[in-house]
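Listed here are the chains, written in short residue letters.
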Amino acid sequence: ADALGVGARLWEVVWPGELLTGPAGGGPSTVYKGERPWVVLGETATGDLLAAPLNDAANPKWFTPLVSRAEVLMPGSSKDAQLELAHVWSLPASLARDGTLAPAARQRVMEAVRKYF
């Protein structure tokens, strides 16, 4: 939890691609199999990114803050989303930045992160 809310890449939007590779890549997975944007919420001591996936805004809960399409600043962003805080993963620091979370959403999202963690 101490690594959340810190780091030079905080609030970036990244696309990690498939989360499973090799033999495991074709087998059963979570709902997050496939490609989707993730929002960087912090960095580990070794520089890896801590990020949560953006999902369809179909079933919001207190731990899935809603983010409007206008608050996800990236090419092709076309729908409202919810940030899945229950699924924070560490991702390689080598991922390219594909966008950012708008400043207007950051305080609201960080309040939800602090409440959840």
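Residues numbered from 1 in each chain as written. Predicted model: local features only at pLDDT ≥ 70, side-chain atom pairs only at ≥ 80, totals over all residues. Heavy atoms only, no water.

1. Topic: the overall build of the protein chain
No. 1: Each helix and strand in the protein chain was counted, giving 1 helix and 8 strands.
No. 2: In sequence order, the protein chain lays out its α and β elements as β-β-β-β-β-β-β-β-α.
No. 3: In the protein chain, which comprises 117 residues, the share counted as buried stands at 43%.
No. 4: About 6,200 Å² of surface is accessible on the protein chain, with carbon and sulfur atoms providing 55% of the total. (Helix = DSSP H or I, 4+ residues; strand = E, 2+ residues; numbered from the N terminus. Buried < 20%, exposed > 50% of the residue type's maximum accessible area, 1.4 Å probe, protein only. Areas by Shrake-Rupley, 256 points an atom, 1.4 Å probe, with all protein chains shown as cover.)

2. A word on the packing of aromatic side chains
Note on aromatic pairs: each is described by the distance of the centres and the angle between the planes.
No. 1: This model, assessed by the stated rule, comprises 5 aromatic pairs.
No. 2: With 5.7 Å between their ring centres and 40° between their planes, phenylalanine 63 and tyrosine 116 make a pair best called tilted. On the criterion of sequence distance, the pair formed by phenylalanine 63 in the loop between β3 (49-56) and β4 (66-67) and tyrosine 116 in helix α1 (residues 103-116) is long-range, its members being 53 residues apart.
No. 3: Grouped by ring-pair contacts, the aromatic residues Trp62, Phe63, Tyr116 and Phe117 constitute a single cluster. (Phe/Tyr/Trp six-rings, centres within 6.5 Å; stacked < 30°, edge-to-face > 60°.)

3. Here's the deal with the environment of serine 94
No. 1: Mapped onto the elements of the fold, serine 94 is located in the loop between β7 (89-91) and β8 (99-101).
No. 2: Residue classification places serine 94 among the exposed residues on the basis of a relative accessible area of 68%.
No. 3: In sequence terms serine 94 and aspartate 48 are 46 residues apart; their C-alpha atoms lie 8.3 Å from each other.

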